[in-house]
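# A closer look at the structure
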Amino acid sequence: KWIKEILRGELGFKGLTVSSDLGLIGKTEDKTTLAERCVRALEAGCEALVVRNDKAELDAALSDPRLAEAVERCAPDAGDKLAALAARQQRWAS
């Protein structure tokens, strides 16, 4: 609500919205996965997601269909970028 209604709507902000580090936020409070935190951030209106360098957690998030669905729903133009990131992450794993 805050990003979409207040920041963008009432205040007219047109710049890029960036999440806090989703690799840390929510992990201890409510035990959500990185994919779940990314989905929430996208749905809230964030356009750039910050995650820490935890390869296993990032691999799991990139392979979670809920994240792909949220990207398609919230940022349809980013779908190809997500697929490219997932492919690059797989190359790093080898």
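Cut-offs and rules
- Residues numbered from 1 in each chain as written.
- Predicted model: local features only at pLDDT ≥ 70, side-chain atom pairs only at ≥ 80, totals over all residues.
- Heavy atoms only, no water.
- Core = buried A, V, L, I, M, F, W, Y, C linked by side-chain atoms within 4.5 Å.
- Buried < 20%, exposed > 50% of the residue type's maximum accessible area, 1.4 Å probe, protein only.
- Helix = DSSP H or I, 4+ residues; strand = E, 2+ residues; numbered from the N terminus.
- Contact = heavy atoms within 4.5 Å.
- Axes fitted to C-alpha atoms, helices over the stretch in contact; angles between N-to-C directions.
- Parallel < 35°, antiparallel > 145°, perpendicular 65-115°, else oblique.
- Nonpolar A, V, L, I, M, F, W, Y, C, P; charged D, E, K, R; others polar.
- Salt bridge = Lys/Arg side-chain N within 4 Å of Asp/Glu carboxyl O.

## Side note on the nonpolar core
Formed by 16 residues in total, the largest nonpolar core has its most connected members in Leu-22, Leu-34, Cys-38, Leu-42, Ala-61 and Leu-67. At six residues, the largest contribution of residues to this core is made by helix 2 (residues 34-44). In this view, Leu-34 contacts Leu-22, Gly-23, Val-51, Glu-57, Leu-58 and Ala-61; residues no more than four positions away in its chain are not counted.

## So, the packing of helix 2 against helix 3 (residues 55-62)
The N-to-C vectors of helix 2 and helix 3 enclose an angle of 60 degrees; their axes lie 8 Å apart at closest approach. Classified by the angle between their axes, helix 2 and helix 3 sit oblique to one another. From helix 2, Leu-34, Ala-35 and Arg-37 reach across to helix 3, where they touch Glu-57, Leu-58 and Ala-61. Tallied by class, residues from the contact of helix 2 with helix 3 come to four nonpolar, no polar and two charged.

## Side note on the packing of helix 2 against helix 4 (residues 65-74)
The contact between helix 2 and helix 4 brings their axes to 9 Å, and the two run at 10 degrees. Relative to helix 4, the element helix 2 lies roughly parallel. Judged by residue contacts, Glu-36, Cys-38, Val-39, Leu-42 and Glu-43 of helix 2 engage Arg-66, Leu-67, Ala-70, Val-71, Arg-73 and Cys-74 from helix 4. Tallied by class, the residues present in the contact of helix 2 with helix 4 amount to seven nonpolar, no polar and four charged.

## What about the pattern of salt bridges?
Applying the stated rule across the entire model yields five salt bridges. Note that Arg-66 and Asp-64 form a salt bridge whose closest N and O atoms lie 2.5 Å from each other. Each of the salt bridges in this network shares a partner with another, and the network as a whole consists of Glu-36, Asp-64 and Arg-66.

## Here's the deal with the environment of Ala-75
Relative to the helices and strands, Ala-75 is located in the loop between helix 4 and helix 5 (79-93). For Ala-75, a relative accessible area of 26% gives the class partly exposed. Between the C-alpha atom of Ala-75 and that of Glu-43, which follows or precedes it by 32 residues, the distance is 9.4 Å.

## Brief notes about the environment of Val-51
Mapped onto the fold, Val-51 is located in the loop between strand 2 (48-50) and helix 3. Counting along the chain gives 27 residues from Val-51 to Leu-24, while the straight-line C-alpha distance between them is 7.9 Å. Residues in contact with Val-51, not counting those within four places in the same chain, are Asp-21, Leu-22, Gly-23, Leu-34, Cys-38 and Leu-58.

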